[in-house]
Amino acid sequence: MLLKNATLVTMQPGAKDRLVPDGAVVLEGERIRWAGPLDALPSEHHQLDDIDLAGRLVTPALIDCHTHLVYGGDRAGEFEARLNGASYQQIARAGGGILSTVTETRRASAEQLLTDALTRVDAMIAQGVGTIEVKSGYGLDQETELKMLRVARRIETQRPVTIKTSFLGAHAVPPEFAGKPDAYIDTVCLPTLRAATAEGLVDAVDGFCEDIAFDRDQIARVMQCAADLGLPVKLHAEQLGHGGGAALAARFGALSADHLEYAAEADAAQMAAAGTVAVLLPGAFYTLGETQAPPVDAFRSHGVAMALATDCNPGSSPLASLLLAMNMGCTLLRMTPQEALEGVTRHAARALGLSDRGQIRPGYRADLAVWDAAHPAELSYRIGWNPLYKRIFGGAL
Ligand code: NIG
Ligand code: FE
């Protein structure tokens, strides 16, 4: 298949803002065979069936590299409580927050979890998303963590998307281990990680390094276990205060450190040296009324790649729109529209350890989004507007 009369935004490194007008893309099976200006199209492709895109913008399909979209229940009541003055940390310490979602997720059937997750996945697909990371972490016991991860895997059988799973057993201390986080890590979290890995359910290992969650020593044990299993790591770090998570992530060569509002310049330097991507989550920043923005300037000056994601979850970021996350990345975190688009394509792919997507180039997956827009900045600039015209996944329209 040949796409022609497209305005290509290839997202190749160095291509910067450059658009390819009168562009063409040759799709072969699930891959991109060729991309470039139509007048340079090799003659062997001239006879292909073509689709005329009437000058529309074509980007790589978007990648949401940080979500918790498999969960039970909702937390609208907590949203109200926060508006009445309670903080996210107070609610968590009183047994609400993540733990209230744990109760609901343990109670829910796999079928119910899947049905609910698919409504969120469909909202993402409708905005051109082709790859979604999904975390566990609302089970905190072996049975429910496995249930969540199996549901996450089943999404791929129900919808045309790629799902990458992250094991987040170190998300919170469950009530049955209150005051005993070390015992929880050693007797539940690590054995569950091994069992989930043996079942092929884990693509990466995540944790929550924070006062209200786990300390660096506990997280380091989880990361070491991941390393022993040959799995890449990532980490929720420096979200509510500076706890040393970003440096720890860098020390383990993490794919990404996520949130990072309280990260320091030295963290940026260590992340750059380790090639760790900074995943910024403006939906959580916005929902929690945070006022300290992540150090975007330091990430820029040290050359840390920045990704953007929804953090879709029932507490800190009830957001399913990656386009709105791009807008928030610009308006709230002062990223440029170009950085926002890199953050949901090329750099998001890196944050997931994927080297076959996030750019339009030969050999890469034919996951593309076609937009009713003239310039890529429009994707970040407009609010509550969905310009998706067509989505192509694995070469299929
Ligand atoms: O990414 N920070 C920890 N985990 C989630 C929040 C989960 C929740 O509140 O349910 C986050 O913000
Ligand atoms: Fe998160």
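Treat the numbers as computed from the prediction; the structure is a model and nothing was measured. Position labels on residues start from 1 in each chain and follow its written sequence. Written order determines the labels here, with chains lettered from A and ligands numbered from 1. Given that this is a predicted model, residues contribute local features only at a pLDDT of at least 70 and side-chain atom pairs are listed and counted only at 80 or more, while totals for whole chains, interfaces and linings are drawn from all residues. Calculation of side-chain values draws on the structure's entire complement of heavy atoms; hydrogens and water are dropped beforehand.

A.B. asks: Honestly, the coordination of the iron ion (ligand 2) in this entry has me stumped. Any pointers?
C.D. replies: For a metal bound by four donors in tetrahedral geometry, the ideal donor-metal-donor angle is 109.5 degrees, whereas six donors in octahedral geometry ideally sit at 90 or 180 degrees. Protein-derived coordination of the iron ion (ligand 2) comes from His 66 (NE2), His 68 (NE2), His 236 (NE2) and Asp 311 (OD), at a distance range of 2.0 to 2.3 Å. Each metal site lists N, O and S donors within 2.8 Å (3.2 Å for Na, K and Ca). With water left out of the atoms, a site can look as if it is missing ligands. Spacing between the donor residues of the iron ion (ligand 2) along the chain follows H-x1-H-x167-H-x74-D. Here the residue His 68 occupies a position in the loop between β6 (62-64) and α1 (76-83), and His 236 occupies one in strand β10 (residues 234-237), the gap between them amounting to 168 residues. Each member of the pair, His 68 as well as His 236, carries the same accessibility label: buried. Put simply, DSSP H or I for four residues or longer makes a helix, DSSP E for two residues or longer makes a strand, and each gets a number counted from the N terminus. For every residue, the accessible area obtained with a 1.4 Å probe (protein chains only) is divided by the maximum for its type, and the residue is called buried under 20%, exposed over 50%, and partly exposed between those limits.

A.B. asks: Looking at this structure, how should I read the sheet that holds β10?
C.D. replies: By way of backbone hydrogen bonds, the strands of a sheet pair with one another, either parallel or antiparallel. Across the sheet, which stays open at both edges, the eight strands sit in the order β6-β7-β8-β9-β10-β11-β12-β13 with parallel pairing between neighbours. Two strands bound the open sheet, and with one partner strand each, they are β6 and β13 (306-308). Neighbour-to-neighbour, the strand axes of this sheet turn through a mean angle of 25 degrees, independent of strand direction. For two strands to pair, DSSP has to find at least two bridges joining them. In this sheet, β10 lies alongside strand β9 (residues 204-209) in parallel orientation, the contact comprising two bridges. Residue pairing in the sheet places Phe 208 in a bridge with His 236 of β10. Angular values range over 0 to 180 degrees, each being the angle between N-to-C directions of two axes fitted as lines to C-alpha atoms, with helices fitted over their stretch in contact.

A.B. asks: I keep staring at the nonpolar core and nothing clicks. Help me out?
C.D. replies: Grouped burial of nonpolar side chains is what soluble globular proteins tend to show. What we call a nonpolar core is a set of buried Ala, Val, Leu, Ile, Met, Phe, Trp, Tyr and Cys residues that are connected through their side-chain atoms within 4.5 Å. Ranked by size, the top nonpolar core spans 97 residues in total, and within it Leu 69, Val 70, Ile 155, Leu 260, Leu 280 and Phe 299 carry the most contacts. Boundary definitions for the domains trace back to an automatic or database domain assignment. In this structure, this core is formed jointly by two domains, domain 1 (2-60 + 358-392) and domain 2 (62-351), each of which donates at least three residues. Dropping the residues within four chain positions of it, Ile 155 is found in contact with Leu 69, Val 70, Leu 114, Ala 117, Leu 118, Val 121, Val 161 and Ile 163. Counting 15 residues, the second largest nonpolar core, distinct from the first, contains Leu 8, Val 58, Tyr 364 and Ile 392. By definition in these notes, contact holds between two residues if any of their heavy atoms fall within 4.5 Å.

A.B. asks: Mind showing me how you'd approach the packing of helix α4 (residues 110-125) against helix α5 (residues 142-158) here?
C.D. replies: Their axes nearest at 9 Å, the elements α4 and α5 cross at an angle of 50 degrees. Judged on the interaxial angle alone, α5 and α4 are oblique. When the axes of α4 and α5 are compared, the crossing they make is right-handed. Counting all contacts with α4, which are made through Ala 110, Glu 111, Leu 113, Leu 114, Ala 117, Leu 118 and Val 121, the residues of α5 involved are Lys 147, Val 151, Arg 154, Ile 155 and Gln 158. Residues are grouped as follows: nonpolar covers Ala, Val, Leu, Ile, Met, Phe, Trp, Tyr, Cys and Pro; charged covers Asp, Glu, Lys and Arg; every other residue, Gly included, is treated as polar. Looking at side-chain class alone, the contact of α4 with α5 contains eight nonpolar, one polar and three charged residues. Here the angle decides the label: under 35 degrees means roughly parallel, over 145 means roughly antiparallel, 65 to 115 means roughly perpendicular, and every other value means oblique. Note: crossing handedness is left-handed where the near helix turns anticlockwise from the far helix by less than a right angle, and right-handed where it turns clockwise.

A.B. asks: Which parts of the structure should I look at to understand the pattern of salt bridges?
C.D. replies: For side chains bearing opposite charge, pairing can occur when the charged atoms are close. Here, a salt bridge means any Lys or Arg side-chain nitrogen found within 4 Å of an Asp or Glu carboxyl oxygen. Tallying each qualifying case throughout the model produces 25 salt bridges. The partner of Arg 31 in a salt bridge is Asp 356, with the nearest N and O atoms 3.6 Å apart. One end of the pair, Arg 31, is in strand β3 (residues 31-37); the other, Asp 356, is in the loop between α14 (346-351) and β14 (368-371), and 325 residues separate them in sequence. Among the ionic pairs, Glu 378 bridges to Arg 382, the shortest N-O distance being 3.4 Å. In this structure Arg 382 comes out as partly exposed when scored by relative accessible area, which is 33%.

So, to be careful, I would describe these as geometric facts and stop short of saying anything about function.
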